[in-house]
Structure formats: C-alpha cells, structure tokens
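# Coordinate inspection notes
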Amino acid sequence: MNIVILSNTDKKIKANDLIKLYQYVGWWEERKQQDIEDMLLKVKSVGAWKDDTLIGFARAVSEGKFRAYIEDVVIHNSYREEGIGTKMVSKLLDELSHIDVISLFCEEKLLPFYEKNGFKYSKSQFIMHKK
C-alpha cells in the first residue's frame, strides 16, 4: 500500500480534500469551505495520502509554546485498522515536540488507541464546554 504521512508544510492540505474526507466519514456537514481554509492556515496538521487522495487528517490547536490540543483525527473508513492513525499522531507529535503539554479530547472507546500512543487518562481534570 502506497500511503505517506506528511505535515501540511510538506504537502498542503486543501479545504476541498478535507471536506470530502469529512463527508465520507459523516463529520462536520455544517462546516463551510472558507472556514476550513481559514482553520488550515492557523493549525499544525498532517495528512495521510494515498497517491493524491487525502485519506487521513489530524490537527493541533496551539499558541505555539506551552499548550497544544490535538483535534479531528480522522481516517477514511476503508483504511482503518492499518496503523495510519498511529502514524499520523506520531508525525503530529513530532511537529509539536517543542510544546510543553499536549492534550486531546476523545470518546471513551478511543482511550486505548491514545494510550498506545503515549497519552495518559486524567481523572483529575474535567471537560467543560460553553456554547
């Protein structure tokens, strides 16, 4: 299988490609192309590419020094369970190696995946959202 994991600085991720990936997996129907283009300019991100098709994506939100939050780790359904997610998270963590604390939010069923990738579950912190 010819799949490569590249940072957005190595191969630009286009909003249209990301929208197609989101649509395929049923994520973020309400997100607009211009908003995704703006987001891609402000985050560290990596893509998994099969030839010129984006089949995986992960991004991190950060101020660039102290904290980063990994978001939107997504893989095309046809390529799951092949280690692509682990490779994308690893590449993104390499890109963020200068950051003091890297965190993420995930569903409970994904805890084992992230624990395999070096993250630790914290019972001392709570997620709070304001909408």
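Up top is the structure.
Okay, so let's go over this structure.

### Notes on the pairing of strand S4 (residues 67-75)
As judged from the six bridges shared by strand S3 (residues 53-62) and S4, these two strands associate in the antiparallel manner. If you follow Val61 over to S4, its bridge partner there is Tyr69. Where S3 hands over to S4, the hairpin turn is made up of four residues, of which Gly64 adopts a positive phi near 100°. One ladder, built from four bridges, connects S4 with strand S5 (residues 101-104); its direction is parallel. Counted as the bridge partner of Tyr69 is Ser103 from S5. With helix H3 (residues 84-95) bridging S4 and its parallel neighbour S5, the resulting β-α-β unit is right-handed.

### Side note on the pattern of salt bridges
When charged atoms on two side chains of opposite charge get close, those side chains can pair. The tally for this structure, following the rule as stated, stands at five salt bridges. Between Asp52 and Lys11 there is a salt bridge; the shortest N-O distance is 2.8 Å. Of the two residues, Asp52 is situated in the loop between strand S2 (44-50) and S3 and Lys11 in the loop between strand S1 (3-7) and helix H1 (15-25); the sequence distance between them amounts to 41 residues. Here Asp52 falls in the exposed class, since its relative accessible area comes to 61%. By relative accessible area, Lys11 is classed as partly exposed at 23%.

### Digging into the packing of aromatic side chains
Within this structure, the stated rule accounts for five aromatic pairs. Seen from their ring centres, Tyr22 and Phe57 are 6.4 Å apart, and the 90° between their planes marks the pair as edge-to-face. On the criterion of sequence distance, the pair formed by Tyr22 in helix H1 and Phe57 in strand S3 is long-range, its members being 35 residues apart. With respect to class, Tyr22 is no different from Phe57; both count as buried. The structure contains a cluster of three or more aromatic residues connected by ring pairs, namely Tyr22, Trp27 and Phe57. Above the plane of the ring of Trp49 lies Lys11, whose end atom (NZ or CZ) is 4.3 Å from the centre.

### Some words on a nonpolar patch on the surface
Where nonpolar side chains cluster on the molecular surface, the patch consists of Val61, Tyr69, Phe105 and Ile127 and spans about 350 Å² of accessible area. Topologically, Phe105 is positioned in the loop between S5 and helix H4 (111-116). Residue class for Phe105 comes out partly exposed when judged on its relative accessible area of 45%.

Each value, and the rule that gives it
Residues numbered from 1 in each chain as written. Predicted model: local features only at pLDDT ≥ 70, side-chain atom pairs only at ≥ 80, totals over all residues. Heavy atoms only, no water. Pairing = 2+ DSSP bridges. Helix = DSSP H or I, 4+ residues; strand = E, 2+ residues; numbered from the N terminus. Right-handed = clockwise from strand over helix to strand, strands pointing away. Salt bridge = Lys/Arg side-chain N within 4 Å of Asp/Glu carboxyl O. Buried < 20%, exposed > 50% of the residue type's maximum accessible area, 1.4 Å probe, protein only. Phe/Tyr/Trp six-rings, centres within 6.5 Å; stacked < 30°, edge-to-face > 60°. Lys NZ or Arg CZ within 6 Å of the ring centre and 35° of its normal. Patch = residues over 30% accessible without salt bridge, like charges linked within 9 Å, V, L, I, M, F, W, Y side chains within 5 Å. Areas by Shrake-Rupley, 256 points an atom, 1.4 Å probe, with all protein chains shown as cover.

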